[in-house]
Amino acid sequence: MIILHFASKNEWDAESKNGFYGESLISRDSFISCFNFKDVSSINFNFSTLKDYVILCIDEDKVNSEIKYEKEDNIDKINIYGKIDKEAIVSVLPYTFDENDKFVITKELLDFDIINEVCNNLNINYESHKYFNDGTKSRIILLNNLYIIKQASVSELKADVTFANFYKDVLMLQKMVYFDKDYRYVVHEFVPGDVMYTVENFFDLSNNIKNIVSHYKHYNHDSFGYLESPVNTWDEF
């Protein structure tokens, strides 16, 4: 699981050069205080002094020091009793705030909350993630080079799930692995490929097209157009 720590930028810059973080905090407090995403969205972090901080996203599985889940003032605390190897810090995000010094949770930070959910639901460990652009307004994350996490509007994701279920037996098409019940995201298997691939075997290409088209099904619906934005008539579409 990915947990968070608000670090002094100066301390992070100085200590990370040595391959670890937390020496100053351990000497002062004997532990490094961390948070999960639920805490970050509910605790008041709106302090002007935090403007000089960064947010460390820490992979628990890569922390060699002792981690304890403790309770303090009715708040669940995550404390690390020892230094953190730099390799355990998978991302360093800026502390962001608005004109009223109110802490703003960025999309990049929220992505880690979703990544934690997906890893938990698929029973996998976090290894890596990066972003793709699929040519639409969707937010696409490649997780562990194996799974695509797609975030889009509810209507788009519902259409995505409908299509995936409709054609789940077509082996040539990308498979849906999991979808959030509130349609915040959908998870698909990642199919590697090259967008600029030059076709050299036209017979192979035509066979692939034929195999996909031959699996087309009738979908009974009173509307026309795209699943996520249907219209009343064909002319209107």
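The structure under discussion appears in the preceding block.
Right, let's walk through the structure included here. (Residues numbered from 1 in each chain as written. Predicted model: local features only at pLDDT ≥ 70, side-chain atom pairs only at ≥ 80, totals over all residues. Heavy atoms only, no water.)

**What to know about helix 1 (residues 9-16)**
1) Next: Buried within helix 1 are the following residues: E11, W12, E15 and S16. Mapping the buried residues of helix 1 onto a view down its axis gives an arc of 110 degrees, with all of them on the same face.
2) Next: For helix 1, the secondary structure elements touched by its buried residues are strand 1 (2-8), strand 2 (20-21), helix 2 (23-29), strand 4 (53-59) and strand 8 (89-94). (Buried < 20%, exposed > 50% of the residue type's maximum accessible area, 1.4 Å probe, protein only. Helix = DSSP H or I, 4+ residues; strand = E, 2+ residues; numbered from the N terminus. Arc of directions from axis to C-beta. Contact = heavy atoms within 4.5 Å.)

**A few points about the layout of surface pockets**
1) Next: Each pocket or cavity is described by its volume, and for the largest pocket that value is around 720 Å³.
2) Next: Residue assignment for the lining of the largest pocket shows that the elements contributing at least two residues are strand 11 (147-151) and helix 5 (154-166).
3) Next: Grouping the constituent residues of the lining of the largest pocket by class yields twelve nonpolar, four polar and six charged.
4) Next: Taken as a whole, the second largest pocket encloses approximately 440 Å³ of empty space.
5) Next: Forming the walls of the second largest pocket are 15 residues, and the residues nearest its centre are F163, Y219, G225, Y226 and L227.
6) Next: Contributions of two or more residues to the lining of the second largest pocket are made by helix 5 and strand 14 (224-226).
7) Next: Among the elements that line the lining of the second largest pocket, the one with the most residues is helix 5, at four residues. (1 Å grid on protein atoms, 1.4 Å probe; cavity = no way out; pocket = protein on both sides within 12 Å on 5 of 7 lines; lining within 4 Å. Points joined across faces, edges and corners; volume = space filled by probe spheres on them. Nonpolar A, V, L, I, M, F, W, Y, C, P; charged D, E, K, R; others polar.)

**Some words on the sheet that holds strand 3 (residues 32-34)**
Pairing between the strands of a sheet comes from backbone hydrogen bonds, and it takes one of two forms, parallel or antiparallel.
1) Next: An order of 3-6-5 is seen for the three strands of this open sheet, with the pairing classed as antiparallel. In the strand order of this sheet, the two ends are held by strand 3 and strand 5 (66-72), each with one partner. Averaged over all pairs of adjacent strands, the angle between strand axes in this sheet comes to 35 degrees, irrespective of strand direction.
2) Next: Bridge count for strand 5 against strand 6 (residues 75-81) is seven bridges, and the pairing is antiparallel. Bridge pairing in strand 6 links K71 to D76. (Pairing = 2+ DSSP bridges. Axes fitted to C-alpha atoms, helices over the stretch in contact; angles between N-to-C directions.)

**Focus: the nonpolar core**
1) Next: Counting 24 residues, the largest nonpolar core has L109, F112, I115, L143 and I149 as the members making the most contacts within it.
2) Next: Residue assignment for this core shows that the elements contributing at least two residues are strand 1, helix 3 (37-42), strand 4, helix 4 (107-122), strand 10 (139-143) and strand 11.
3) Next: Here this core takes six residues from helix 4, the largest share from any one element.
4) Next: Once residues within four sequence positions are removed from consideration, L143 is found in contact with I115, V118, C119, I124, Y126, S128 and I149.
5) Next: Judged by nonpolar contacts, the second largest core, of 16 residues, contains W12, Y21, V54 and L56. (Core = buried A, V, L, I, M, F, W, Y, C linked by side-chain atoms within 4.5 Å.)

**So, the pattern of salt bridges**
1) Next: On inspection of all chains with the given rule, the structure shows seven salt bridges.
2) Next: We note a salt bridge from R184 to E117, for which the minimum N-O separation is 2.6 Å. Remark: E117 occurs in helix 4 and R184 occurs in the loop between strand 12 (176-179) and strand 13 (186-189); sequence separation between them is 67 residues.
3) Next: The exposure class assigned to R184 is partly exposed, which follows from its relative accessible area of 36%.
4) Next: Here E117 falls in the partly exposed class, since its relative accessible area comes to 24%.
5) Next: Within the structure, one salt-bridge network assembled from shared partners comprises E108, D111 and R139. (Salt bridge = Lys/Arg side-chain N within 4 Å of Asp/Glu carboxyl O.)

**Some remarks on a nonpolar patch on the surface**
1) Next: The grouping of F224, Y226, W234 and F237 at the surface amounts to a nonpolar patch, some 480 Å² of accessible area in total.
2) Next: When you line up the elements, W234 lands in the segment after strand 15 (229-231).
3) Next: W234 sits in the exposed class, given a relative accessible area of 56%. (Patch = residues over 30% accessible without salt bridge, like charges linked within 9 Å, V, L, I, M, F, W, Y side chains within 5 Å. Areas by Shrake-Rupley, 256 points an atom, 1.4 Å probe, with all protein chains shown as cover.)

**Observations regarding the pairing of strand 1**
1) Next: Burial analysis of strand 1 places seven of its seven residues in the buried class, which makes it a mostly covered element.
2) Next: Here strand 1 shows no split at all, with I2, L4, F6 and S8 on one side and I3, H5 and A7 on the other all buried.
3) Next: Pairing geometry for strand 1 and strand 4, over seven bridges, is antiparallel. When the sheet's bridge partners are listed, I3 is paired in strand 4 with I58.

**Observations regarding the side chain of S16**
1) Next: As for its placement among the helices and strands, S16 is situated in helix 1.
2) Next: Look past the residues within four positions of S16 in its chain and what remains in contact with it is E11 and K86.

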